[in-house]
Amino acid sequence: MEFPFDLAPVLGDRFCVVDQHLRPAGRRGPTHRGDLEQQLRTVIDELGKASAKAQGLPAPVTSAARMEANRHVLYILRDADGRGTPKGAVIGFLKVGYKKLFLLDRNGAHNEAEPLCVLDFYIHESLQRHGYGRELFQHMLQSERVEPWRLAVDRPSEKLLAFLCKHYGLADAIPQVNNFVIFEGFFSNRPVPPRRPPPKRAEEEIKPYSLSERDFLREETEPPWPFNLTSGRTGGSPVRGSLRPFLLRRETPDGQTDPRPPDGRTDAPQHRRASSLGRAGR
C-alpha cells in the first residue's frame, strides 16, 4: 500500500511498533512534528479501511482514534527497500492487545483469563503468499514473548484460521460462546489462581463489666421485716423500716387516739422509751 509521502520518517525501520501515544518514528526528543503525527494517523486509518474491506466488515476495527482509546499495540511492516516506489510502501499490519475474557475449557467450565488477543491482521492483497504474514506474526510473538497457542483470536477469518493451522499447527479450536477463538493447549500449564480462604469473622472485644453493672451485682437487697433486725440499735430493737408509715395509730381506753408512734416513742426526748420491750412490760 503506497502513500503520497515518505514513510521512512513516519515508520522508521522495517518493523514499526505503535501504541496508544501514536509516536512516529521520526520524532526525536521534545521537538514536535505535527506533520509526522498526522501522516501516521493517515497510515493507520487507511490500513484499517483496507483490512475491513478485505474481511467484509461493515466498519474498520482499526483506526487512529481507536488506538488512542485503547492500550493496543500495532505492528506495521513496511517495504524498507523501496521496491516499486521511492517513498516506500506498507506491506501489512498486526494489532494485538490484552483483554479480560471468560473462556470455556474442554469440560465446559468457565475460566477468567486475560490473554494476549489478535485483534486485526492484514497483508496487502498483492503481497500475500510471499512469507510476509509469517514474518510479521513471528516478530510479534518474539516481541511479546508469547507462544502461539496462548493467543486468543477475535473473529478470525477463514484465511487467518488457515494461516494459523499451516504455520503453527493451530487446528483444534475450543468452542466459545463469544467471538474469540482459542486452541488446544491454551489452558495447559496455566497457573491456577489461588483460592482465597473465607473471611474470618471479626472477634468482638470482650468488654469488662461497667461500673453500674458491678454496683448492681454488689447490691444487697434488704430482707422483709422482721428479718431485717439490726444490731446497731440499743437493745437490738427491731426496725420495721418501710412498714412504719402503714401502721395504724393506737387508741387509748377512753376512745382517744394515742399520738405516739406505734413503737412507743414520742417527739419529746424525755418521753422516749429505750425499746419496745420496756413498753410491753409496763
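Residues numbered from 1 in each chain as written. Predicted model: local features only at pLDDT ≥ 70, side-chain atom pairs only at ≥ 80, totals over all residues. Heavy atoms only, no water.

What to know about the pattern of salt bridges
Then, in step 1: Summed over the entire model, instances satisfying the criterion amount to six salt bridges.
Then, in step 2: Between Asp 172 and Arg 106 there is a salt bridge; the shortest N-O distance is 2.7 Å. With Asp 172 in the loop between helix H5 (158-168) and strand S8 (173-174) and Arg 106 in the loop between strand S4 (101-104) and strand S5 (110-113), this pair connects stretches of sequence that are 66 residues apart.
Then, in step 3: Each of Arg 106, Asp 172 and Glu 184 takes part in one network of salt bridges that share partners. (Salt bridge = Lys/Arg side-chain N within 4 Å of Asp/Glu carboxyl O. Helix = DSSP H or I, 4+ residues; strand = E, 2+ residues; numbered from the N terminus.)

With respect to the layout of surface pockets
Then, in step 1: By volume, the largest pocket amounts to about 990 Å³.
Then, in step 2: Lining the largest pocket are 35 residues; nearest its centre among them are Phe 121, Ser 157, Lys 159, Leu 160 and Phe 163.
Then, in step 3: Split into classes, the residues belonging to the lining of the largest pocket amount to 14 nonpolar, 10 polar and 11 charged. (1 Å grid on protein atoms, 1.4 Å probe; cavity = no way out; pocket = protein on both sides within 12 Å on 5 of 7 lines; lining within 4 Å. Points joined across faces, edges and corners; volume = space filled by probe spheres on them. Nonpolar A, V, L, I, M, F, W, Y, C, P; charged D, E, K, R; others polar.)

Description of the sheet that holds strand S1 (residues 15-18)
Remark on secondary structure: sheet strands pair via backbone hydrogen bonds, oriented parallel or antiparallel.
Then, in step 1: In spatial order, the strands read S1-S2-S3-S6-S7-S9-S8; together these seven strands make up an open sheet with mixed pairing. Single-partner strands in this sheet number two, and they are S1 and S8.
Then, in step 2: Across two bridges, S8 lies against strand S9 (residues 180-183) in antiparallel orientation. Paired with Ala 173 across the bridge in S9 is Phe 183.
Then, in step 3: Sheet strands in contact with helix H2 (residues 34-55) are S1, strand S2 (73-79), strand S3 (89-98) and strand S6 (116-123), and its direction is about 85° off that of S6. (Pairing = 2+ DSSP bridges. Contact = heavy atoms within 4.5 Å. Axes fitted to C-alpha atoms, helices over the stretch in contact; angles between N-to-C directions.)

Looking at H5
Then, in step 1: Residues of H5 that are buried include every one of Leu 160, Phe 163, Leu 164 and Tyr 168, and no others. One side of H5 carries all its buried residues, which in axial view fall inside an arc of 95°. Every exposed residue of H5 that faces more than 90 degrees away from the buried side is listed here: Glu 158, Lys 159 and Lys 166.
Then, in step 2: Each element contacted by the buried residues of H5 is listed here: S6, helix H4 (132-144), strand S7 (152-154) and S9.
Then, in step 3: Looking at the residues trailing H5, positive phi occurs at Gly 169, about 70°. (Buried < 20%, exposed > 50% of the residue type's maximum accessible area, 1.4 Å probe, protein only. Arc of directions from axis to C-beta.)

What to know about the environment of Lys 99
Then, in step 1: Along the chain, Lys 99 turns up in the loop between S3 and S4.
Then, in step 2: Judged by its relative accessible area of 28%, Lys 99 is partly exposed.
Then, in step 3: Along the backbone, Lys 99 and Glu 114 are 15 residues apart, and their C-alpha atoms lie at a distance of 5.2 Å.
Then, in step 4: Dropping the residues within four chain positions of it, Lys 99 is found in contact with His 72, Ala 113, Glu 114, Pro 115, Cys 117, Leu 119 and Phe 180.

Comments concerning the packing of aromatic side chains
Then, in step 1: What the rule picks out here adds up to eight aromatic pairs.
Then, in step 2: Pairing Phe 137 with Phe 163 gives two aromatic rings, centres 5.7 Å apart and planes at 65°, and the pair type is edge-to-face. Linking Phe 137 in helix H4 with Phe 163 in helix H5, this pair joins segments that are 26 residues apart in sequence.
Then, in step 3: Residue Phe 137 is classed as buried on the basis of its relative accessible area of 0%. (Phe/Tyr/Trp six-rings, centres within 6.5 Å; stacked < 30°, edge-to-face > 60°.)

Focus on the pairing of S6
Then, in step 1: Judged by how many residues are buried, S6 sits mostly within the fold: eight of eight residues are covered.
Then, in step 2: As judged from the seven bridges shared by S3 and S6, these two strands associate in the antiparallel manner. By the bridge assignment for S6, Tyr 98 is matched with Leu 116.
Then, in step 3: Bridging between S6 and S7 involves two bridges; their strand directions are parallel. When the bridges of S7 are listed, Cys 117 appears paired with Ala 152.

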